[in-house]
Amino acid sequence: MWGQLLLNIFFIAALIAWVAELIWLYREANLEAKDPISLVSGAAVFFVLAAPVAIYRPDLVYRMSAFWERLLRLEQQQPSRQAPAARLICGGQVYPLTRDQTRIGNYRNNDIVLDHPTVSAYHVEITLRSDGRHEVVDRNTRNGTRVNGSLVRTAVLRDGDQLMLGAITLHYLRSSSVERAFQNGGLPISRRKAS
């Protein structure tokens, strides 16, 4: 029992000494007009020997620092494997579609509220299907729902589709390349068959 207690005390003391050394190295680097982050990140690996290694073998410290920088650069250059979140854009406002079901209408208890007289109380519902695509369903509205100009009751959305709920236009985007095209002057719209 005493052995465990002494080991814990030793470990805590070593940890405090290590943090104190890193703080000291950071301050010294600032005083000497060196890069403090580079020095501390390179020395931190040596745990309680951080200060002695930084003083007597600065080449090791800077090699470790260069390693961390290369590692971070590689991580930042890796393309994201995760698909961008689907979203609707309306009048410069972005509405991410993060839920399995998103209700849109002019009543306040909708997920997306469009305060316009041509938008019905519960105009449409956008559902995430099991295949990962979104489907828009018109809720039997008076002014209807159009996808790319075609009146629809239900439609599976494609990247770049234009939705019209009454007189309000929304754009459905999934990829950043389509969003860039949208921001640079618009997207070509292909009509849908009524469904």
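Residues numbered from 1 in each chain as written. Predicted model: local features only at pLDDT ≥ 70, side-chain atom pairs only at ≥ 80, totals over all residues. Heavy atoms only, no water.

Turning our attention to the overall build of the protein. Each helix and strand counted, the protein has 5 helices and 11 strands in total. Counting only residues that meet the buried cut, the protein has 31% of its 195 residues in that class. Intrachain contacts of the protein at a sequence separation of at least 6 include 39% that bridge at least 24 residues. Summed over all atoms, the accessible surface of the protein reaches about 12700 Å², with 58% contributed by carbon and sulfur. (Helix = DSSP H or I, 4+ residues; strand = E, 2+ residues; numbered from the N terminus. Buried < 20%, exposed > 50% of the residue type's maximum accessible area, 1.4 Å probe, protein only. Contact = heavy atoms within 4.5 Å. Areas by Shrake-Rupley, 256 points an atom, 1.4 Å probe, with all protein chains shown as cover.)

Moving on: the packing of aromatic side chains. For the structure shown, the criterion picks out 3 aromatic pairs. Ring centres of W18 and F47 lie 5.4 Å apart, and the angle between their planes is 45°; on these two criteria the pair is classed as tilted. Pair noted here: W18 is in helix 1 (residues 2–31) and F47 is in the loop between helix 2 (36–43) and helix 3 (50–56), with a separation of 29 residues, a long-range link. Overall, the relative accessible area of 21% leaves W18 in the partly exposed class. When the ring of Y107 is compared with that of Y122, the centres are 5.5 Å apart and the planes differ by 70°; the resulting orientation is edge-to-face. One end of the pair, Y107, is in the loop between strand 3 (101–105) and strand 4 (112–113); the other, Y122, is in the loop between strand 4 and strand 5 (124–128), with 15 residues separating them in the sequence. (Phe/Tyr/Trp six-rings, centres within 6.5 Å; stacked < 30°, edge-to-face > 60°.)

The next point concerns helix 1. Between its first and last C-alpha atoms helix 1 spans 43 Å; for 30 residues at 1.5 Å apiece the expected length is 44 Å, and the two agree. Restricting attention to buried positions, one finds in helix 1 the residues A14, E21, L22, L25 and A29. Where the residues of helix 1 are buried, they touch helix 2 and helix 3. Two residues or fewer past helix 1, A33 is found with a positive phi of approximately 60°. (Expected span 1.5 Å × (residues − 1).)

Our next topic: helix 2. Counting buried positions over the 8 residues of helix 2 gives 6, a clear majority of the element. All buried positions along helix 2 are accounted for by P36, S38, L39, V40, G42 and A43.

All right, on to the nonpolar core then. Counting 21 residues, the largest nonpolar core has L88, I104, L114, I126, V136 and L170 as the members making the most contacts within it. Listing elements by their share of this core, those giving two or more residues are strand 1 (87–90), strand 5, strand 10 (162–165) and strand 11 (168–173). Among the elements that make up this core, the one with the highest residue count is strand 11 (3 residues). The contacts of L88, once residues within four sequence positions are left out, are Q93, V94, Y95, L97, I104, I112, I126, L170, H171 and Y172. (Core = buried A, V, L, I, M, F, W, Y, C linked by side-chain atoms within 4.5 Å.)

The next subject is the pairing of strand 10. Of the pairings in the sheet, the one linking strand 7 (residues 145–147) to strand 10 comprises 3 bridges and is antiparallel in character. When the sheet's bridge partners are listed, T145 is paired in strand 10 with L165. The pairing of strand 10 with strand 11 spans 4 bridges and is classified as antiparallel. In the sheet register, L163 faces strand 11, and the bridge partner there is L170. Counting the residues in the hairpin turn of strand 10 and strand 11 gives 2 residues, including G166, whose phi is positive at 65°. (Pairing = 2+ DSSP bridges.)

In any sheet, the strands associate via hydrogen bonds between backbone groups, in a parallel or an antiparallel arrangement. Here we have 6 strands laid out as an open sheet, ordered 2-1-11-10-7-8, and antiparallel in their pairing. Across the chains shown, the open sheet's two edge strands, defined by having one partner strand only, are strand 2 (93–96) and strand 8 (150–152). Mean inter-strand twist for the sheet, computed between neighbouring axes without regard to direction, equals 30°. As paired elements, strand 1 and strand 2 share 4 bridges and run antiparallel to each other. Within the sheet, the bridge partner assigned to I89 lies in strand 2 and is V94. (Axes fitted to C-alpha atoms, helices over the stretch in contact; angles between N-to-C directions.)

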